[in-house]
Amino acid sequence: MHNVTPMLARKDDRQEEPSWSFPGGVAGFACYWFALAIPFMLYGSNTLFFFLYTWPFFLALLPVSVLIGIVASVLLRGHLIWTLLLTIVVVIGLFWLLFTLLSGW
């Protein structure tokens, strides 16, 4: 019979990879609020009347934006600048697509 205790007691030499999901989630959250501010900058306070009836659609983009930030951060292995740029482009694109779809409807 072989003794397996030394094998079990030996530490694993592999390094654990850090988690990149939190900075990506924060980036997605910040990009959502930045994208929400763009229609106010372009159209002024009249945007409030538009958001009065369409707020559930734009609120649904909040968790999507956070997930986009997390996925971008994980895929880009924590490169924060590239994560921010990709998240900004994708979230603003989704936000603007929804805004133009609902305003032209």
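Engineer: In this structure, what is going on with the packing of helix H2 (residues 21-43) against helix H3 (residues 47-59)? I would like to understand it.
Structural biologist: When two helices pack together, their arrangement is captured by the angle between the axes and the distance separating the axes. Relative orientation of the contacting elements H2 and H3 amounts to 160°, with a least axis distance of 12 Å. On the basis of the axis angle, H2 is roughly antiparallel to H3. Seen along the crossing, H2 lies across H3 with a hand that is right-handed. Only Thr 47, Leu 48, Phe 51, Phe 58 and Leu 59 of H3 make contact with H2, whose side of the interface consists of Tyr 32, Leu 36, Pro 39, Phe 40 and Tyr 43. In the contact of H2 with H3, the residues fall into 9 nonpolar, 1 polar and no charged.

Engineer: Any chance you could explain unusual backbone geometry here in plain terms?
Structural biologist: Phi is mostly negative for residues that are not glycine, and the peptide bonds are mostly trans. Backbone geometry places Arg 77, a non-glycine residue, at a positive phi of 55°. By the secondary structure assignment, Arg 77 is in the loop between helix H4 (61-75) and helix H5 (80-103).

Criteria and cut-off values
- Counting restarts for each chain: residues are numbered from 1 in the order of the written sequence.
- Only residues with pLDDT of at least 70 are given local features in this predicted model, and only at 80 or more are side-chain atom pairs given and counted; all residues enter the totals for whole chains, interfaces and linings.
- Neither water nor hydrogens contribute to the side-chain values; these are computed over all heavy atoms in the structure.
- Lines fitted to C-alpha atoms define the axes, with helix axes restricted to the stretch in contact, and inter-axis angles between N-to-C directions lie between 0 and 180 degrees.
- Numbering of helices and strands runs from the N terminus; a helix is a DSSP stretch of H or I covering at least four residues, while a strand is a stretch of E covering at least two.
- Small angles under 35 degrees read as roughly parallel and large ones over 145 as roughly antiparallel, with 65 to 115 read as roughly perpendicular and the rest as oblique.
- Definitions for this section: a left-handed crossing has its near helix turned counterclockwise from the far helix by less than a right angle. A right-handed crossing has that turn clockwise.
- Residue contacts are counted whenever heavy atoms from the two residues lie within 4.5 Å of one another.
- Gly counts as polar in this scheme, as do all residues outside two lists: the nonpolar Ala, Val, Leu, Ile, Met, Phe, Trp, Tyr, Cys and Pro, and the charged Asp, Glu, Lys and Arg.

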